[in-house]
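Remarks on the overall topology
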Amino acid sequence: MKIIIEENYEKMSRVAANILLGKMYQNKRVNLAITAGSTPVKMYEYLVADTKNKPYFDNVHYYNFDEIPFKQKQGYGVTMTNLNTLFFQPAEIPESHIHPLDENNYQSQDKRVEQDGGLDLILLGIGTDGHYCGNLPGTTKFENLTSYVGEDATEHMKDILLSEVGGDENERPDFYVTMVPKSVMQAKEIVLFATGRKKAIIIKRAFFGPVTNEIPASLLQTHPNVTIVLDQEAASKL
Ligand code: GLP
């Protein structure tokens, strides 16, 4: 496990963007799964500036690793909407290079990724409870592949989903789809990044404590090629 600690959010974002750019700059197809959320906002600003109108990045394909539907709206869910706004639209990524995940195609996701050559890199954020993608504490099974979490979603999980969707109780999603540990661990490389003091305790527990299902991200310690990129605040408990 490699840990990179940068002075602040901007520098941490620059490092994360550079890791992605290094992967993208190849003479072959590159498959990335990339995170939504607030952590990557700055990183996508850098990536948009660095990749827009640069045909030598046309080899890159993007996969969505989790999705939460909007209850009242058709079309893309929270994750794709966020990624579209932050990156795909401003960077003018062709639609044929974007591979959304949804309730209709989740069962074929792992097969599709495998047929496309596997994920070269998955870029993850982390929740303050140690979740990554939609793998919430105590809920995921290692043997499953990309999954639909519906009837077995707990009230707590649905509350987390509501906080991501925003709005009132009526918007509370009934289900979500997510890549699970087995699918994530099949990526050739994992990068997880975090910013701010609110992530400091979970970073210490996830990467400097035992591997436990109660802290889903702790499993990532066991991947042979994982890099954790932090700003000083997120690293302040190490
Ligand atoms: C949610 C999102 C993830 C994100 C995580 C952390 O679970 N589905 O994609 O990585 O929250 O979000 P943030 O970066 O906003 O702290």
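For the structure itself, look to the data block above.
Description of the structure in this document.

A few words now on the overall build of the chain. Summing up its helical and strand segments, the chain has seven helices and 10 strands in all. Taken against the 2.2 N^0.38 rule, which gives 18 Å for 238 residues, the C-alpha radius of gyration of the chain at 17 Å falls within 12% of a compact globule. Judged by the C-alpha coordinates and their principal axes, the chain covers about 45 × 40 × 35 Å. Here the chain holds 238 residues, and the buried ones make up 55% of them. Partitioning the contacts of the chain with sequence separation of at least 6, the portion at a separation of at least 24 is 80%. When the accessible surface of the chain is summed, it comes to about 11,100 Å², and 49% of that surface belongs to carbon and sulfur atoms. When the 24 basic and 31 acidic side-chain charges of the chain are each reduced to a single mean position, those positions are 6 Å apart.

Time to look at the sheet that holds strand β6 (residues 121–124). A sheet is described by the order of its strands in space; here seven strands give the open sequence β1-β10-β9-β6-β2-β3-β5, paired in parallel fashion. The outermost strands of the open sheet, each flanked by one partner alone, are β1 (2–6) and β5 (98–99). Of the strand pairs in this sheet, β1 and strand β10 (residues 226–231) are connected by five bridges, and their pairing is parallel. For I4, the partnering residue across the bridge sits in β10 and is V229. Packed onto the sheet, helix α1 (residues 9–24) meets β1, β2 (30–33), β3 (60–63), β6, β9 (190–194) and β10 and runs at close to 155 degrees relative to β10.

Once that is clear, we can look at helix α5 (residues 155–165). The set of residues buried in α5 consists of M157, K158, I160, L161, L162 and V165. The secondary structure elements touched by the buried residues of α5 are α3 (78–88), β7 (147–149) and β8 (176–178). In the stretch just after α5, G166 is the one whose phi turns positive, near 85 degrees.

Taken together, T35, A36, G37, S38, T39, D66, G125, I126, H131, C133, E164 and K199 make up the full set of residues near the ligand. D66 is positioned with one of its side-chain polar atoms (N or O) 3.2 Å from a nitrogen atom of the ligand. Between an oxygen atom of the ligand and a side-chain N or O atom of K199, the distance comes to 2.7 Å. Alone, the ligand offers 390 Å² of accessible surface; in the complex the protein occludes 87% of this. The site holding the ligand turns out to be the largest pocket. Each residue belonging to the shell around the ligand can be placed in one class, and the counts come to three nonpolar, six polar and three charged.

For the rest of this paragraph, the subject is the environment of L119. Tracing the sequence through the fold places L119 in the loop between α4 (109–115) and β6. With a relative accessible area of 3%, L119 lands in the buried category. C-alpha separation for the pair L119 and H61, spaced 58 residues apart in sequence, amounts to 9.5 Å. In contact with L119, other than residues within four places in its own chain, are N31, L32, A33, Y63, V113, M179, A187 and K188.

A pair of packed helices can be characterised by two numbers: the angle between their axes and the separation between those axes. Interaxial distance between α1 and helix α2 (residues 41–51) falls to 8 Å at its minimum, and their mutual angle equals 45 degrees. Judged on the interaxial angle alone, α2 and α1 are oblique. At the point where α1 passes α2, the crossing takes the right-handed sense. Of the residues in α2, those in contact with Y9, E10, S13, R14, A16, A17, L20, L21 and M24 of α1 are V41, K42, M43, Y46, L47, D50 and T51. Within the contact of α1 with α2, the residues separate by chemical class into 10 nonpolar, two polar and four charged.

Okay, the layout of surface pockets next. Of the pockets and cavities examined, the largest pocket occupies roughly 620 Å³. Lining the largest pocket we find 30 residues, and of these A36, G37, G127, H131 and E164 sit closest to its centre. Of all the secondary structure elements, the ones that give two or more residues to the lining of the largest pocket are α3 and α5. Ranked by residues supplied to the lining of the largest pocket, first place goes to α5 with four residues. Broken down by class, the residue content of the lining of the largest pocket amounts to 13 nonpolar, 12 polar and five charged. Approximately 350 Å³ is the volume attributed to the second largest pocket. Of the residues belonging to the lining of the second largest pocket, the class tally is nine nonpolar, five polar and six charged.

Analysis parameters
- Residues numbered from 1 in each chain as written.
- Predicted model: local features only at pLDDT ≥ 70, side-chain atom pairs only at ≥ 80, totals over all residues.
- Heavy atoms only, no water.
- Helix = DSSP H or I, 4+ residues; strand = E, 2+ residues; numbered from the N terminus.
- Rg over C-alpha atoms; globule rule 2.2 N^0.38 Å.
- Buried < 20%, exposed > 50% of the residue type's maximum accessible area, 1.4 Å probe, protein only.
- Contact = heavy atoms within 4.5 Å.
- Areas by Shrake-Rupley, 256 points an atom, 1.4 Å probe, with all protein chains shown as cover.
- Lys, Arg positive; Asp, Glu negative; His and termini not counted.
- Charge placed at Lys NZ, Arg CZ, Asp CG, Glu CD.
- Pairing = 2+ DSSP bridges.
- Axes fitted to C-alpha atoms, helices over the stretch in contact; angles between N-to-C directions.
- Near = heavy atom within 4 Å.
- Polar contact = N/O pair within 3.5 Å; in protein donor to acceptor, adjacent residues only side chain to side chain.
- 1 Å grid on protein atoms, 1.4 Å probe; cavity = no way out; pocket = protein on both sides within 12 Å on 5 of 7 lines; lining within 4 Å.
- Sits in = over half its atoms within 2 Å of the grid points.
- Nonpolar A, V, L, I, M, F, W, Y, C, P; charged D, E, K, R; others polar.
- Parallel < 35°, antiparallel > 145°, perpendicular 65-115°, else oblique.
- Left-handed = near helix turned anticlockwise from the far one by under 90°.
- Points joined across faces, edges and corners; volume = space filled by probe spheres on them.

Treat this as a map of the structure, not an account of what it does.
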